[in-house]
Amino acid sequence: MLVALGLLAAVAAIATRRYWRPQPRVAPEAPRTESQRERDEHLKLALWASGEHFWDYDLVHRRMHRMRADENATHSAQITLLTRQGDVPAIHEQDMPLVMQRLRSHLQGDTPLFMSEHRMDLAGTGHWTWVRARGRVVERDADGRPLRIAGTARDITASRNAEYEHRIASEVMRSMSEAVAVLDWDYNFVAINQAFTRITGYADVEVIGRQVTLLDSDQHEKSLFEHMRAQLDRDSRWSGEVWKVRKDGEEILCKIETNVVPDASGQRRLYVMVLNDITEQKRAEQELRYLANYDTLTSLPNRSLLSERLSRAIVRARRENGRVAVLFIDLDRFKDINDSLGHATGDRILRAAAARVQQTVGAQHTVARLSGDEFTVVLEDIASFEEAEDIAEQIINAFRLPLSFGDRLELAVSPSIGISLYPDHAQVPTDLLKHADTAMYQAKAAGRHTYQVYSEAMDEKTRHRAILASALRRALENNELSLVFQPRLSLTRQRITGAEALMRWRSKEFGDVSPSQFIPLAEESGQILEIGAWALREACLTLRGWHEQGLTDLTVAVNVSALQLQRGDLSDVVAQVLGETGLPAHCLELELTESVIMANPEKNADTLRACRALGVSIAIDDFGTGYSSLAYLKRLPLTTLKIDQEFVGDLTHDSDDEAITSTIINMGHSLSLNVIAEGVETAAQLQFLRDHGCDEVQGYWISHALVADECLRFIREYGVDHAIKVAS
Ligand code: C2E
Ligand code: MG
Ligand code: MG
């Protein structure tokens, strides 16, 4: 401030330096005339009405005379003039250079007027007031050097502030990323910002003066807009998410906030609408929500959404005293399919399976995919166990038709299903799911392709299975595995032509364990590769021994598991075993079930062809249960077809099974296959098979499976006479 004062003084000095003169003489006071009083009166009125201050600066003595009318006066008669003598009030240091420059220009005669807007501390209180000052040199000496400068000044703080705020406001509006539109009381556009143009596609000339309804989308009812306006009238504020239409016709979802502000006059209202395009954000949110709740492969709910729905179903059932069933579905041997057909095909099959389950249970029930090939169904409003079982049955039946997975490719996949019920088995979702899972494992253990309802005993069984699986791992090295042989009777040649090797496990801990129990365990753990190869070698060695005893035309059939086939090196294993044991290849037959071959017909056919090339025979086991098509059979290098014992068991009292059996025999013959019936338990069954031209039979009627020595004795003793006697 002091600096400012000093500067002003310096300028004054510059202006007067060369023209310094002694102080002018002060004229004696003359009596005031009427016209002078009138002029004073006019001056007072002018200052009062305009709000201007008068100032008069003596450049020589550096004194300032100021005068203003008392603003408190309410009419002309009350006006008094307030005067002040003294130094120039301090000028703000930021404004000082400009003031000096203007003053210098004027004093030097470059500008006719001195004009400046700057801040001054008028009252000497440290409070800055914006002042607009105008003035000119009013007295000069004889040489024209300025002696006095006078003029008016005005407090413009209020308008400066308003203008400043306005500048800031418009800058803010301009730089905002949100679209801003100002609307008048009739909802016509008054102003918009650049973001508005960017977001809606409308330039200001295209919208100003037009109704805001220009942006309305017909996705909303008219009532929404009425409601908006009513709320704005009531609360002076509205916010929400609304669809709007861009100039190019595209719909965008906007988050809108509208506030009511009074206009400058304070009488009319303006609406300031801030609009944000959240279409992308919403889409991303929805996508995230979808990802969090749905399985991307099948589009079914995932585990987390399933838990949520199951919880809600339980809450409802508790309130209404109802029942909820959880069905845990696992596709049988899906791992094999995936490994052999590749993951892309596996995925397609999973999608087809998901659709089949949902189709079967209907849209009203939740079907979820938990992981891999595991699906879960939540059935609400279940009246009884039977109803849940009924639906499980329907699912199993629905899978009897092969799944198609594009390009005329089809595959039969069977499900195993476990069922648990609320409130019978558990009260909370996690336990219900766990129990359904346990029941599903029991369904698998019961031979797959079936369902089981949970019971507490199952938990025990599941534990037992785990212990059994670990005991099986040591079975081979502990010499607990052995083979038994079931003779095969040729109906055409009337004698025993060979035997099927069947594995047995006599566990130290568990006693005799059935192959239907331990073979699936070995398949699951992969151990089947090792024990399957062992069985193959053992069977060949045994037969080799029989050959050495003179029965050289006997053959042996060995069962082969899916995993052994899928590895693709089956022919190598077989060749090695044949080489080691010295058994002629034509004496060995490999038995594979339909479902094993059909899991990947193309690749498996190659492997089988390689085996056939060695000279071994190939039988399709349990035929009739796997829904394989004749077209496929034709393409496979098969030699033998074994009719499943399920059909044979019902021969002579089920006409359907009789028809199926005779059809299979004819079909097999038309493909030049050797047809064997297994599970023959009665003379009548044998007769039927003989009458229909079946080539060979196997079953308890002829003999149970026997240990090697006993089997050899049986074969020796089984003379032609005996065969004729039995058969007739
Ligand atoms: P499979 O290959 O179909 O074997 C026939 C099954 O039927 C055998 O059961 C046999 O004992 C039984 N059987 C034979 N005659 C009759 C009869 O007249 N009536 C009845 N009700 N059953 C009869 P087993 O030995 O319990 O074997 C069950 C399954 O375990 C076999 O079915 C086969 O799939 C599998 N398996 C057995 N040994 C092996 C093996 O070494 N390797 C592989 N991968 N699987 C094997
Ligand atoms: Mg078999
Ligand atoms: Mg069989």
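Just so you know, these numbers come straight off a predicted model, no measurement behind them.

Engineer: For the pairing of strand β21 (residues 495–507), give the residues involved together with the corresponding values.
Structural biologist: Pairing analysis gives ten bridges linking strand β20 (residues 481–490) to β21, with the strands arranged antiparallel. By the bridge assignment, Leu489 is partnered in β21 with Ile496. The hairpin formed by β20 and β21 contains four residues between the paired strands, and Gln494 there has a positive phi angle of roughly 60 degrees. As defined by bridge partners, β21 adjoins strand β23 (residues 555–559) across four bridges and the pair is classed as parallel.

Engineer: Let's hear about the side chain of Ser116: which residues, and what values?
Structural biologist: Tracing the backbone shows Ser116 in strand β5 (residues 114–121). Here His118 takes part through its side chain, which lies 2.6 Å from a polar atom of the side chain of Ser116. Leave out the neighbours within four places in its chain, and Ser116 touches Val99, Arg102, Val131, Arg132 and Ala133.

Engineer: Any details on the site of ligand 1? Residues and values, ideally.
Structural biologist: Around ligand 1 sit 21 residues in total, of which Gln486, Asn559, Asp621, Glu681 and Tyr700 are the nearest. One of the side-chain nitrogen or oxygen atoms of Asp621 is found 2.9 Å away from an oxygen atom of ligand 1. Here ligand 1 has 790 Å² of accessible area as a free molecule, and 82% of this is covered by the chains. Taken together, the elements giving at least two residues each to the shell around ligand 1 come down to β21, α15 (515–525) and β25 (617–623).

Engineer: Tell me what's going on with the packing of aromatic side chains, and back it up with residues and numbers.
Structural biologist: Enumeration according to the criterion identifies seven aromatic pairs in this entry. Ring geometry for Trp55 and Phe114: centres 6.3 Å apart, planes at 85 degrees, overall edge-to-face. Of this pair, Trp55 sits in strand β1 (residues 52–58) while Phe114 sits in strand β5, and the two are 59 residues apart along the sequence. Where Phe485 meets Trp546, the ring centres are 5.3 Å apart and the plane angle is 65 degrees; that geometry is what we call edge-to-face. With Phe485 in strand β20 and Trp546 in helix α16 (residues 528–548), this residue pair connects regions lying 61 residues apart in the sequence. Across this residue pair, the class does not change: Phe485 and Trp546 are buried. Above the plane of the ring of Trp130 lies Arg160, whose end atom (NZ or CZ) is 3.7 Å from the centre.

Engineer: Give me the lowdown on empty space enclosed by the protein, citing residues and values where you can.
Structural biologist: Here the idea is plain: a probe the size of a water molecule rolls over the atoms and shows the empty space left. In this structure the tally under the stated criterion is three cavities of 30 Å³ or more. Of the pockets and cavities examined, the largest cavity occupies roughly 290 Å³. Lining the largest cavity are 23 residues, and of these Trp55, Met64, His118, Met120 and Ala133 lie nearest its centre. Among the secondary structure elements, those contributing two or more residues to the lining of the largest cavity are β1, β2 (63–69), α3 (96–107), β5, β6 (129–140) and β7 (146–155). Partitioned by chemical class, the residues of the lining of the largest cavity number 18 nonpolar, two polar and three charged. What the second largest cavity holds in volume is close to 130 Å³. Lining the second largest cavity, in full, are Leu183, Tyr187, Val212, Thr213, Asp216, Phe225, Met228, Arg229, Leu232, Lys244, Thr258 and Met273.

So, how was this worked out
Residues numbered from 1 in each chain as written. Chains lettered and ligands numbered in written order. Predicted model: local features only at pLDDT ≥ 70, side-chain atom pairs only at ≥ 80, totals over all residues. Heavy atoms only, no water. Pairing = 2+ DSSP bridges. Helix = DSSP H or I, 4+ residues; strand = E, 2+ residues; numbered from the N terminus. Polar contact = N/O pair within 3.5 Å; in protein donor to acceptor, adjacent residues only side chain to side chain. Contact = heavy atoms within 4.5 Å. Near = heavy atom within 4 Å. Areas by Shrake-Rupley, 256 points an atom, 1.4 Å probe, with all protein chains shown as cover. Phe/Tyr/Trp six-rings, centres within 6.5 Å; stacked < 30°, edge-to-face > 60°. Buried < 20%, exposed > 50% of the residue type's maximum accessible area, 1.4 Å probe, protein only. Lys NZ or Arg CZ within 6 Å of the ring centre and 35° of its normal. 1 Å grid on protein atoms, 1.4 Å probe; cavity = no way out; pocket = protein on both sides within 12 Å on 5 of 7 lines; lining within 4 Å. Points joined across faces, edges and corners; volume = space filled by probe spheres on them. Nonpolar A, V, L, I, M, F, W, Y, C, P; charged D, E, K, R; others polar.

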